[in-house]
Amino acid sequence: MTPDRIGHVFLTARRLGQIIAAASRFYVLPKLRPGKSAVPPEVRLRLFLESLGGAWIKIGQALALRFDLLPDEYCSGLLKLLNRTPPVPYESTRRTILQELGSFPEQIFASIDAV
């Protein structure tokens, strides 16, 4: 196995662990402790997607507009992902641009607003 392949396997396993941990936190543990916290399922779905970030939030945003696929209460809960998502720190975005494009954003773009 090449070092790149090993790194990819490690990142995939780590991400899978994050997904399993989030699913456990929002779906498995509440079933094991009924009555402890009565969070409605549509709120748990939104919190689950928020905790996973990025593409998962985008999936939730797309589902929020699909009243033909999901019950109204789920869509209403997911609509909060459209305007109340947590901001991503600029330094994180800067590192991603460096990794993906090979240079810092200040070197690639004519101007950039860190906010």
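Here, every reference points to the structure presented above.
Below is a summary of the structure that appears in this document. (Residues numbered from 1 in each chain as written. Predicted model: local features only at pLDDT ≥ 70, side-chain atom pairs only at ≥ 80, totals over all residues. Heavy atoms only, no water.)

A closer look at helix H6 (residues 90-101)
Right, so step 1: Here H6 spans 16 Å end to end across 12 residues, near enough to the 16 Å set by a 1.5 Å rise per residue.
Right, so step 2: Following H6 by one or two positions, glycine 102 has its phi on the positive side, about 90 degrees. (Helix = DSSP H or I, 4+ residues; strand = E, 2+ residues; numbered from the N terminus. Expected span 1.5 Å × (residues − 1).)

Overview of a nonpolar patch on the surface
Right, so step 1: On the surface, a cluster of nonpolar side chains totalling about 360 Å² of accessible area is made up of Leu65, Phe67, Leu79 and Leu82.
Right, so step 2: Positionally, leucine 82 belongs in helix H5 (residues 80-83). (Patch = residues over 30% accessible without salt bridge, like charges linked within 9 Å, V, L, I, M, F, W, Y side chains within 5 Å. Areas by Shrake-Rupley, 256 points an atom, 1.4 Å probe, with all protein chains shown as cover. Salt bridge = Lys/Arg side-chain N within 4 Å of Asp/Glu carboxyl O.)

Quick notes on the packing of aromatic side chains
Right, so step 1: Scanning the model with the defined rule gives two aromatic pairs in all.
Right, so step 2: Judged by centre distance (5.7 Å) and plane angle (75 degrees), the ring pair of tyrosine 27 and phenylalanine 48 falls under edge-to-face. With tyrosine 27 in helix H1 (residues 3-32) and phenylalanine 48 in helix H2 (residues 41-52), the pair connects residues that are 21 residues apart, well separated along the chain.
Right, so step 3: Residue classification places phenylalanine 48 among the buried positions, given a relative accessible area of 11%.
Right, so step 4: Feature note: the residues Tyr27, Phe48 and Trp56 constitute an aromatic cluster, connected by ring pairs. (Phe/Tyr/Trp six-rings, centres within 6.5 Å; stacked < 30°, edge-to-face > 60°. Buried < 20%, exposed > 50% of the residue type's maximum accessible area, 1.4 Å probe, protein only.)

Without other data, these values stay purely geometric and don't point to any function.
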